[in-house]
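An overview of the molecular structure
As a plain string of letters, each chain reads:
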Amino acid sequence: MPAVAEDLVVLLSTQDVAITSTYTGARVTVFGMIERDASSLSRGGKYDVVVTVAGPSASQVLRAKELTGPLWINRTVRRYPDVPGYYALMSTGPVPAIANEPARERQKMGLGFYLPPSAAPSDAVEATDAALFRLRKKTSLLIEDIKGVQMHRPNLFSSAIPLPAAAPTGRYVVGITVLANGVPLKTVNTSFVVRKIGFEAIVAAYARDNGLIYGLVTVFCALAIGFLGNLMFRRD
């Protein structure tokens, strides 16, 4: 295999996104510079860039409301064992146009790789997958932007990653791939963390580690507030 002439230098605007009581979302910007070996011949075509962002993975359950007698019941339609809670695909153009099929398969480029493959594909499976895609896109937890990477110069680019308020906490893996003529030249991976800080972080950690006690305290507080409200607004 010949040596790759390109190198890639990547920098994130931040590697720590803090969630506070006033948090409504954030934006993490990827800056990149493509460096070429001085001893190599200059490349005639332009570069393309694909940026993928995958949040922490967890099992997902897709449910549908079903009318049972006079009641609407939530029915489990499908369970997904390992799905990123957030996924973004940013690029300088449509991925099928800037990356050949072997590259897309090898680098897992495209929303088609967002969900694990089904062992028994069917129309029902496709329908549930489409429903999950639709729900995730509606909440901005699944993003595809074919103009999401801006080339400021032939070898300088940036990409702004939008994080909605509903984005889960945890580590987000960012993959940046440089291509030319549909062929990947260099891939660099980096990451950032979304985490809660302050009082919200203390409450969330306590609720996670002491679920029973947290539930009892919550019920007690609700009863106390209701009792005090009744005393304050009672009409004698």
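Residues numbered from 1 in each chain as written. Predicted model: local features only at pLDDT ≥ 70, side-chain atom pairs only at ≥ 80, totals over all residues. Heavy atoms only, no water.

Let's talk about the overall build of the protein
As a reminder of what qualifies: Starting at the N terminus, helices and strands are each numbered in turn, a helix being any DSSP run of H or I of at least four residues and a strand any DSSP run of E of at least two. Two residues qualify as a contact provided that any one of their heavy atoms is within 4.5 Å of a heavy atom in the partner residue. With residues, only the protein chains shown are counted as cover, and all accessible areas are computed by Shrake-Rupley using a 1.4 Å probe.
Looking only at helices and strands, one finds five helices and twelve strands in the protein. Sequence-distant contacts in the protein: of pairs separated by 6 or more residues, those separated by 24 or more amount to 68%. Accessible surface computed for the protein: about 14700 Å², of which carbon and sulfur atoms make up 59%.

Some details on the environment of Thr169
The condition that has to hold: The buried label goes to any residue with under 20% of its type's maximum accessible area, the exposed label to any with over 50%, and the partly exposed label to all in between, with areas taken from a 1.4 Å probe on protein chains only.
Secondary-structure assignment places Thr169 in the loop between β10 (156-164) and β11 (170-180). Classification of Thr169 by relative accessible area gives partly exposed; the value is 40%. Each C-alpha atom, one on Thr169 and one on Tyr86, is 10.0 Å from the other, the two residues being 83 residues apart in sequence. With near-sequence residues (within four places) excluded, Thr169 lies in contact with Ile19, Pro56, Val194, Arg195 and Lys196.

Some words on the sheet that holds strand β12 (residues 183-196)
Strand pairing in a sheet relies on backbone hydrogen bonds. The paired strands run either parallel or antiparallel. Here is the rule we go by: Strand pairing is assigned whenever DSSP identifies at least 2 bridges connecting the two strands. Every axis in this analysis is a line fitted to C-alpha atoms, fitted for helices over the stretch in contact. Angles between the N-to-C directions lie between 0 and 180 degrees.
Taken in spatial order, the six strands of this open sheet run β2-β12-β11-β4-β7-β8, and their pairing is mixed. Among the strands making up the open sheet, the edge pair consists of β2 (16-19) and β8 (142-145). Strand-to-strand twist across the sheet, computed as the mean angle between neighbouring axes with direction ignored, equals 15°. Inspection of the sheet shows strand β7 (residues 87-91) paired to β8 by four bridges, in the parallel sense. Residue pairing for β8: Leu89 is matched across the bridge by Glu144.

Notes on the sheet that holds strand β1 (residues 6-12)
Strand order in the open sheet formed by four strands is β1-β3-β10-β9, and the pairing between neighbours is antiparallel. The sheet is open, and its two edges are formed by β1 and β9 (149-153), each paired on a single side. Strand-to-strand, the axes of this sheet are offset by a mean angle of 25°, without reference to chain direction. Relative to β10, strand β3 (residues 25-36) runs antiparallel, the two being bridged by nine bridges. Residue pairing for β10: Thr29 is matched across the bridge by Ala160.

Some details on the nonpolar core
For the record, the criterion: By convention a nonpolar core is built from buried Ala, Val, Leu, Ile, Met, Phe, Trp, Tyr and Cys residues, the set being connected through side-chain atoms within 4.5 Å.
Val53, Tyr86, Leu163 and Phe192 are the most contacted members of the largest nonpolar core, which has 31 residues in total. The element contributing the most residues to this core is β11, with five residues. The residues contacting Phe192, other than those within four sequence positions of it, are Leu12, Thr14, Gln15, Val17, Val28, Val53, Ile161, Leu163, Gly170, Arg171, Tyr172 and Val174. Counting residues in each nonpolar core, the second largest holds 19 residues, with Leu89, Ala103, Leu132 and Leu142 among its members.

Examining unusual backbone geometry
Positive phi, normally seen in glycine, also occurs at Ser140, with a value near 60°. Here Ser140 shows up in the loop between α3 (123-138) and β8. Even without a glycine there, the phi angle at Asn181 is positive, about 55°. With respect to the element layout, Asn181 can be found in the loop between β11 and β12. Taking the relative accessible area as the measure of exposure, Asn181 reaches 67% and is therefore exposed.

Observations regarding the environment of Val95
Following the sequence through the fold, Val95 ends up in helix α1 (residues 95-98). The buried category is assigned to Val95, whose relative accessible area is 5%. Considered as a pair, Val95 and Met109 are 14 residues apart in the sequence and their alpha carbons are 7.4 Å apart. Among residues more than four places away in sequence, those in contact with Val95 are Leu89, Arg104 and Met109.

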